[in-house]
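Okay, here's what each chain looks like letter by letter:
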Amino acid sequence: SAASGINSLSSTFLRIVGSSPNVNISSNPQIVAGAPGQMLIIMGTSDTNTVRFDDGAGLLLAGAVSFTVGNSDILQLVYDAGLSAWVEIGRSNN
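Treat the numbers as computed from the prediction; the structure is a model and nothing was measured.

> Quick rundown of the overall build of the protein? Include the residues and the values.
Secondary structure assignment for the protein yields zero helices and eight strands. Listing every helix and strand of the protein by position from the N terminus yields β-β-β-β-β-β-β-β. Against the 2.2 N^0.38 benchmark of 12 Å for 94 residues, the protein shows a C-alpha radius of gyration of 12 Å, consistent with a compact globule. Referenced to the eigenvectors of the C-alpha coordinate spread, the extents of the protein come out at roughly 35 × 25 × 25 Å. Counting across all 94 residues of the protein, residues that qualify as buried make up 36%. Taking the contacts inside the protein whose residues are at least 6 apart along the sequence as the reference set, 63% of them involve residues at least 24 apart.

> So, the side chain of Gln-30: which residues are in play, and what are the values?
In this structure, Gln-30 sits in the loop between strand E2 (22–24) and strand E3 (39–44). Separated by 2.7 Å, the side chain of Gln-30 and the backbone oxygen of Gly-56 make a polar contact.

> Pulling in residues and values, what's your account of the sheet that holds E3?
One open sheet accounts for five strands, arranged E1-E3-E7-E8-E5; its pairing is mixed. The sheet terminates laterally at strand E1 (13–16) and strand E5 (59–60), the two strands that pair on one side only.

> Please set out the nonpolar core residue by residue, giving values where relevant.
In this structure, Ile-31, Ile-42, Phe-53 and Leu-77 are the most contacted members of the largest nonpolar core, which totals 18 residues. At the level of elements, E1, E3, strand E4 (50–53), strand E6 (67–69) and strand E7 (74–80) are the ones that each hand at least two residues to this core. In terms of residue count, the dominant contributor to this core is E7 (three residues). With residues up to four places along the chain from it excluded, the contact list for Ile-42 reads Ile-6, Leu-14, Ile-16, Ile-31, Phe-53, Asp-73, Ile-74, Leu-75 and Leu-77.

> How would you summarise the side chain of Thr-50 if you had to cite specific residues and measurements?
As for its placement among the helices and strands, Thr-50 is situated in strand E4. Apart from residues no more than four positions distant in its own chain, Thr-50 is found in contact with Gly-18, Pro-21, Asn-22, Val-23, Thr-68, Val-69 and Gly-70.

Definitions and cut-offs
Residues numbered from 1 in each chain as written. Predicted model: local features only at pLDDT ≥ 70, side-chain atom pairs only at ≥ 80, totals over all residues. Heavy atoms only, no water. Helix = DSSP H or I, 4+ residues; strand = E, 2+ residues; numbered from the N terminus. Rg over C-alpha atoms; globule rule 2.2 N^0.38 Å. Buried < 20%, exposed > 50% of the residue type's maximum accessible area, 1.4 Å probe, protein only. Contact = heavy atoms within 4.5 Å. Polar contact = N/O pair within 3.5 Å; in protein donor to acceptor, adjacent residues only side chain to side chain. Pairing = 2+ DSSP bridges. Core = buried A, V, L, I, M, F, W, Y, C linked by side-chain atoms within 4.5 Å.

Written as structure tokens, this is what we have:
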């Protein structure tokens, strides 16, 4: 389930949906470590079954502001091995 986080990356583009009705990822890290400089784009597929990402636990989000990914919303990240974290590049609330 999404609550256990994203624990494998087979692509740099992920379409994500929460379980009913929505998910706040509670694992640490929220997303498994990537390679230095690796980019990751996460796109939501549901406004009902959303997924919330919080600053911390392996994520450095802009302004330390959480982001809930719904249908067609996008969170773009890059992995920084020195920080051991995914760093937000941008978000789009569509």
